[in-house]
Amino acid sequence: MNLKPNATGTDCRAILDAIPLIILVVDEDVQIQDMNLFAAQAFGPNAVQALQKRGGEAFGCIHSTEAPGGCGRGAFCKQCVIRDSVNVAFQGNKVSRRRTHMHLTKNGSTQEIEMLITANPFEMSDCKRVLLILEDISELSLLKSIIPICASCKRVRETDSYWENMEKYFHNYVGVDFSHGLCLDCARKLYPDLAAHMGK
C-alpha cells in the first residue's frame, strides 16, 4: 500500500472503510460522530440511528439504562474502560489501549464480549475528537484459556456429557481448519519401512 502524505479525505475514508474493525469517531461524551463501513455493518439497519448516540446506548450496554441520563451517567459508568480511555485520550493527547468485558443486550438476550479498546486523539475541522477502535477478542481469549481435552482420543469437552472432535471444535469456535501430516515418531510407529527410507 502506498500512502501519500497529501492523501485527500476520500482516500482516508477508503482506507478506514477497508479496515475490518469497528472504528468510531467520538467526542468527549463518547457520542458517535462518524464510523467506518465495518462499524456501520455491525450496527446493521440501525447504523444511522447510532450516529449522535453515546457508545453504550448505540451498542446496547446493559449499564446505559441504569440512570435517567443514559450512557455515562450511571454508577457503573465511572469504571467504564471505553469512557475512561476516551477521557485519557482527550486529556493527555495520548493513545490508550486496554482490554475490557462488555455486557450487551440484543433482542432481549445479554451477551458478554471481551474487547480490546484503542482510543487515539486527533483534530478534525478544528475540533478535538477521538478515534475509537473496538476489537472483539473473545475467541482469542477462549484459545488462551484451558480447554478440557481427552488424554486418550484428544476430543474436546463441550459439556459434561458431550465431547467434540478437536478439528470440528476449532472450526466451529475459532474458524480454524487443520491440515494433517505425520510426525516422524508416528511415521516410525505406523510405517517403519517408509520412516527408515525417509530417515535416509
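*Asks:* Honestly, the overall build of the protein chain in this entry has me stumped. Any pointers?
*Replies:* For the protein chain, the helix and strand inventory stands at 9 helices and 7 strands. By the compact-globule yardstick of 16 Å for 200 residues, the protein chain is too spread out, its C-alpha radius of gyration being 23 Å. Projected onto the principal axes, the alpha-carbon positions of the protein chain cover approximately 75 × 50 × 35 Å. Counting over 200 residues, the protein chain shows a buried share of 32%. Put simply, 33% of the contacts in the protein chain that link residues at least 6 apart link residues at least 24 apart. Carbon and sulfur atoms form 54% of the exposed surface of the protein chain, whose accessible area is close to 13400 Å². Once the 22 positive and 23 negative side-chain charges of the protein chain are each reduced to a mean point, those two points are 4 Å apart.

*Asks:* I would appreciate a short explanation of the sheet that holds strand β1 (residues 22–26) in the present structure.
*Replies:* The pairing of strands in a sheet comes from backbone hydrogen bonds and takes either a parallel or an antiparallel form. With antiparallel pairing, 5 strands are arranged side by side in an open sheet as β2-β1-β5-β4-β3. Edge strands, defined here as strands with exactly one partner in the open sheet, are β2 (32–35) and β3 (96–106). Going from strand to strand, the sheet's axes swing by 35 degrees on average, the running direction of each strand aside. Looking at chain direction, β1 and β2 are connected through 3 bridges and run antiparallel.

*Asks:* Any chance you could explain the pattern of salt bridges here in plain terms?
*Replies:* When their charged atoms lie close together, side chains carrying opposite charge are able to pair. In the structure shown here, the tally under the stated rule is 10 salt bridges. A salt bridge links Glu114 to Arg99, with the shortest nitrogen-to-oxygen separation between them at 2.5 Å. Here the residue Glu114 occupies a position in strand β4 (residues 109–124), and Arg99 occupies one in strand β3, the gap between them amounting to 15 residues.

*Asks:* How do you make sense of the side chain of Asp27 when you look at a structure like this?
*Replies:* Looking at where Asp27 falls in the secondary structure, it is placed in the loop between β1 and β2. No salt bridge is formed by the buried Asp27; its nearest oppositely charged neighbour, Arg129, is found at 5.4 Å. In this structure the side chain of Asp27 is engaged in a polar contact, spanning 3.4 Å, whose partner is the side chain of Gln33. Not counting residues within four places of it along the chain, the set of residues in contact with Asp27 comprises Gln33, Val86, Phe90 and Arg129.

*Asks:* Even after reading the chapter, I still don't get the pairing of β1, so can you show me in this structure?
*Replies:* The two faces of the sheet receive side chains in turn, since in a regular strand these alternate between them. Burial of β1 is extensive: 5 of the 5 residues sit out of reach of the surface. The side-chain alternation of β1 yields two buried faces, one formed by Ile22, Leu24 and Val26 and the other by Ile23 and Val25. Of the pairings in the sheet, the one linking β1 to strand β5 (residues 127–136) comprises 5 bridges and is antiparallel in character. Opposite Val25, over in β5, you have Leu131 as the bridge partner. Counting the residues in the hairpin turn of β1 and β2 gives 5 residues, including Val30, whose phi is positive at 60 degrees.

*Asks:* Just to check I follow, could you spell out the nonpolar core for this structure?
*Replies:* The nonpolar side chains of soluble globular proteins are, as a tendency, buried together. Membership of the largest hydrophobic core comes to 26 residues, with the highest contact counts inside it found for Leu24, Val26, Met35, Phe43, Leu132 and Leu134. A total of 5 residues in this core trace back to one element, the largest contributor, which is helix α5 (residues 81–92). Beyond its immediate stretch of four places on either side in the chain, Leu24 contacts Ile32, Asp34, Met35, Ala39, Phe43, Phe59, Val130, Leu131, Leu132 and Leu134.

*Asks:* Would you take a moment to explain the side chain of Ser85 for this structure?
*Replies:* As for its position among the elements, Ser85 is in helix α5. Engagement of the side chain of Ser85 in a polar contact is seen with the backbone oxygen of Val81, the distance being 2.7 Å.

*Asks:* It is not clear to me how the environment of Asp185 should be interpreted in this structure. Could you clarify?
*Replies:* Tracing the sequence through the fold places Asp185 in helix α8 (residues 184–190). Distance from Asp185 to Ala195, taken between C-alpha atoms, is 8.6 Å for residues 10 residues apart in sequence.

*Asks:* Even after reading the chapter, I still don't get the pairing of β5, so can you show me in this structure?
*Replies:* Burial within β5 is extensive, with 7 of its 10 residues counted as buried. For β4 and β5, the ladder comprises 10 bridges, and the chain directions are antiparallel. Residue Asn120 lies in a different strand from β5, and its bridge partner there is Leu131. Counting the residues in the hairpin turn of β4 and β5 gives 2 residues, including Ser125, whose phi is positive at 55 degrees.

Parameters and conventions
- Residues numbered from 1 in each chain as written.
- Predicted model: local features only at pLDDT ≥ 70, side-chain atom pairs only at ≥ 80, totals over all residues.
- Heavy atoms only, no water.
- Helix = DSSP H or I, 4+ residues; strand = E, 2+ residues; numbered from the N terminus.
- Rg over C-alpha atoms; globule rule 2.2 N^0.38 Å.
- Buried < 20%, exposed > 50% of the residue type's maximum accessible area, 1.4 Å probe, protein only.
- Contact = heavy atoms within 4.5 Å.
- Areas by Shrake-Rupley, 256 points an atom, 1.4 Å probe, with all protein chains shown as cover.
- Lys, Arg positive; Asp, Glu negative; His and termini not counted.
- Charge placed at Lys NZ, Arg CZ, Asp CG, Glu CD.
- Pairing = 2+ DSSP bridges.
- Axes fitted to C-alpha atoms, helices over the stretch in contact; angles between N-to-C directions.
- Salt bridge = Lys/Arg side-chain N within 4 Å of Asp/Glu carboxyl O.
- Polar contact = N/O pair within 3.5 Å; in protein donor to acceptor, adjacent residues only side chain to side chain.
- Core = buried A, V, L, I, M, F, W, Y, C linked by side-chain atoms within 4.5 Å.

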